[in-house]
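Next come the chains, spelled out residue by residue.
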Amino acid sequence: MLIQNYINGAFVAPVRGMYIDNFEPATGEVYSQIPDSDEEDVALAVEAAETAFAEWSVCGAETRSLWLEKLAEGIRKHFDMFAEAESKDNGKPISLAQRVDIPRAISNFEFYAKAITQFSSNAHYMENKAINYTLRQPLGIVGCISPWNLPLYLFSWKIAPALAAGNTVIAKPSEITPMTAYLLSKVCDEISFPKGVLNIVHGLGTNAGQAIVAHPKVKAISFTGGTSTGEKIASIAAPVFKKLSLELGGKNPNIIFADCDYEKMLQTTVQSSFANQGQICLCGSRIFVERPIYEKFKKDFVERVKQLIPADPNKKETKIGAVVSASHMEKVLSYVELAKEEGGVVLVGGYRYNPEGRCANGWFIAPTVIEGLSAFCRTNQEEIFGPVVTIMPFDTEEEVLSYANSTKYGLAAILWTNHLARSQRMAQHLHCGIIWVNCWLIRDLRTPFGGVKSSGVGREGGFDALEFFTEPKNVCIYYGE
Ligand code: NDP
């Protein structure tokens with residue numbers, strides 16, 4: 001299958017005619033090709049987006065809202081095809097794509113279809129003198145660049161608010177997982193989405209992605225991905241004063257106090273460690289357990305993790321699929337070796353797994369639990385982003401806070417305790433943007449989403465995203481003597 005760019009409402013081949021192989025992680029085999037686009041393709045997309053902006057920016061929130069609903073409906077109509085494509089392209093279990101990825105992509109469009117009709121701005125009244133009101137206008141052409149771990153989920157999470165706010169978009173999915181973005185362009189075609197409003201350019205980050213970031217007519221970049229890529233993007237965009245929203249890496253602590261609801265904690269911790277093969281920026285990869293329950297937790301947790309056997313993502317009963325690429329598998333496994341060098345003991349997993357049958361050459365890793373490491377070693381400081389967690393005991397709140405806050409990251413934290421005052425204290429002192437207490441990954445799309453420190457700049461979600469994708473302009477009207 002040959003994927004094409006979607007520019008100005010048409011499917012077009014890359015200008016240079018070059019393509020890149022796209023692999024199925026579960027088999028390690030090439031199954032499609034995607035355009036290896038560069039700045040010439042981006043220039044065409046910018047031209048189309050510039051023309052389309054004239055109408056899209058003024059057609060009114062209600063009209064844009066209706067179009068977003070149509071996009072949601074278009075995905076819903078082809079739900080099974082989207083879920084199968086996401087599972088095949090990424091290696092994630094089909095059940096996860098059906099339960100999380102595709103429903104959430106639909107919700108993203110539905111949410112912003114509604115949110116834009118409720119978005120308002122401020123007025124500031126000055127007695128006997130003037131009234132100020134703030135106009136919120138779309139920025140123009142914006143760039144949306146997303147990663148491979150939750151492909152359509154994160155792609156739509158950026159595109160939906162950008163479009164709702166009246167911008168025209170140039171979007172690039174990860175080159176490793178392009179398929180559902182391509183299917184979204186098919187939906188645009190099917191519903192006759194206004195041409196040039198959403199343009200999808202496929203290709204390498206360093207080529208097509210960078211061309212989007214560098215283009216002078218692209219006014220803002222919304223990026224989700226690795227911290228070093230975020231640095232690179234900021235170094236190009238910041239000197240020309242583009243607006244930037246950066247959602248970057250994480251190394252989230254999962255802090256378990258002895259007074260927690262043990263069974264619920266155990267069940268959720270298996271999820272928060274290994275869902276999507278640990279490739280969710282919100283997974284808790286450093287598990288700190290209060291000493292009185294450490295040994296019990298270790299035994300029970302390892303017992304449960306042993307039951308997580310990677311298997312063909314296409315089977316409905318599969319809970320653990322393949323990791324996304326051969327190079328990512330090598331990277332994750334190299335961290336297991338590093339952990340051993342640093343004195344860690346692998347309690348379960350730690351190796352490449354080869355299922356039988358069609359997936360024998362796929363990129364699978366047995367879910368891995370490691371103990372015996374310092375909270376400050378490289379394994380516990382650097383992002384691994386795979387099915388590998390460490391467990392460590394602690395004695396006091398102060399001690400665990402110093403461990404939790406010790407990395408350069410600050411995206412999310414998970415906290416297990418039934419002690420109300422302690423949960424408040426901890427929530428105040430944890431350095432991160434999102435905290436889940438006695439739960440994980442409950443998402444209300446109205447809430448601010450993002451990290452601190454090297455986990456990013458800015459917030460997505462709710463009206464925060466609509467504020468990011470609009471420019472406030474204050475109008476002051478004098479009415480005094
Ligand atoms: P990358 O940073 O490698 O890539 C993300 C996107 O940026 C891809 O589309 C990539 O293209 C593109 N890209 C790469 N280089 C450039 C460049 N120089 N200019 C413009 N675009 C570029 O991240 P991954 O795809 O590997 O995703 C995993 C990372 O994402 C992890 O660090 C994870 O923590 C983070 N993440 C953060 C989330 C958050 O909300 N904070 C949520 C999910 C993931 P290509 O793939 O084609 O190279």
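Reading the values: rules and limits
Residues numbered from 1 in each chain as written. Predicted model: local features only at pLDDT ≥ 70, side-chain atom pairs only at ≥ 80, totals over all residues. Heavy atoms only, no water. Domains from an automatic or database assignment. Contact = heavy atoms within 4.5 Å. Buried area = accessible area lost by both parts, 1.4 Å probe. Salt bridge = Lys/Arg side-chain N within 4 Å of Asp/Glu carboxyl O. Polar contact = N/O pair within 3.5 Å; in protein donor to acceptor, adjacent residues only side chain to side chain. Helix = DSSP H or I, 4+ residues; strand = E, 2+ residues; numbered from the N terminus. Core = buried A, V, L, I, M, F, W, Y, C linked by side-chain atoms within 4.5 Å. Buried < 20%, exposed > 50% of the residue type's maximum accessible area, 1.4 Å probe, protein only. Expected span 1.5 Å × (residues − 1). Bend = angle between axes of the 7 residues up to and from the residue. 1 Å grid on protein atoms, 1.4 Å probe; cavity = no way out; pocket = protein on both sides within 12 Å on 5 of 7 lines; lining within 4 Å. Points joined across faces, edges and corners; volume = space filled by probe spheres on them. Nonpolar A, V, L, I, M, F, W, Y, C, P; charged D, E, K, R; others polar. Pairing = 2+ DSSP bridges. Axes fitted to C-alpha atoms, helices over the stretch in contact; angles between N-to-C directions.

Caption draft 1: Here's a closer look at the domain arrangement of the chain. With domains assigned, the chain is organised as domain 1 (5-248 + 455-476) and domain 2 (252-444). Tallying the contact residues gives 25 residues for domain 1 and 30 residues for domain 2. Both sides together, the interface formed by domain 1 and domain 2 hides about 2200 Å², and carbon and sulfur atoms give 56% of it. Here domain 1 is connected to domain 2 by one salt bridge. The interface formed by domain 1 and domain 2 contains nine residue pairs in polar contact (both at pLDDT 80 or more). Put simply, the parts of the chain that give the side of domain 1 that touches domain 2 at least two residues each are β3 (19-24), α3 (79-90) and α4 (94-118).

Caption draft 2: Looking closely at the nonpolar core. By size, the foremost hydrophobic cluster in this structure holds 100 residues, and its most contacted members are Tyr-112, Phe-193, Leu-282, Phe-297 and Phe-301. In terms of residue count, α4 provides more of this core than any other element does, eleven residues in total. When residues of this core are sorted by domain, at least three fall in each of domain 1 (5-248 + 455-476) and domain 2 (252-444). Contacts of Tyr-112, omitting those with residues within four sequence positions, involve Leu-68, Trp-157, Ala-160, Pro-161, Ala-164, Gly-461, Gly-462, Ala-465 and Leu-466. Ranked by size, the runner-up nonpolar core spans 22 residues in total, among them Ile-7, Val-42, Val-46 and Ile-170.

Caption draft 3: Structural detail: α4. With 25 residues, α4 should cover 36 Å at 1.5 Å per step; its first-to-last C-alpha distance of 35 Å lies within 8% of that length. At Arg-104, α4 shows its largest kink, close to 25°.

Caption draft 4: Molecular detail of empty space enclosed by the protein. All told, the structure shown has three cavities of 30 Å³ or more when counted by the stated rule. Estimated volume of the largest cavity: approximately 120 Å³. If you trace the largest cavity, you find 15 residues lining it, with Gly-278, Ile-280, Cys-283, Ser-285 and Phe-385 closest to the centre. Tallied by class, residues from the lining of the largest cavity come to seven nonpolar, six polar and two charged.

Caption draft 5: Just the sheet that holds strand β6 (residues 130-138), in detail. An order of β5-β6-β24 is seen for the three strands of this open sheet, with the pairing classed as antiparallel. Among the strands making up the open sheet, the edge pair consists of β5 (123-126) and β24 (470-478). Neighbour-to-neighbour, the strand axes of this sheet turn through a mean angle of 20°, independent of strand direction. For β5 and β6, the ladder comprises four bridges, and the chain directions are antiparallel. Within the sheet, the bridge partner assigned to Met-126 lies in β6 and is Ala-130.

Caption draft 6: Quick look at the sheet that holds strand β18 (residues 388-394). Taken together, seven strands build an open sheet; the order of strands is β14-β17-β18-β13-β12-β20-β21 and the sheet is mixed. With partners counted over all chains shown, the strands left at the sheet margins are β14 (345-348) and β21 (434-437), one partner each. Here the strands of the sheet are splayed against their neighbours by 25° on average, with no regard to which way each runs. Bridging between strand β20 (residues 412-416) and β21 involves four bridges; their strand directions are parallel. Bridged to Ala-412 within β21 is Ile-434. Sitting on the sheet, helix α10 (residues 294-306) touches β12 (252-256), β13 (284-290), β14, β17 (368-371) and β18, and the angle it makes with β18 is about 165°. Of the strands in this sheet, β12, β13, β20 and β21 are in contact with helix α14 (residues 420-429), which crosses β20 at around 165°.

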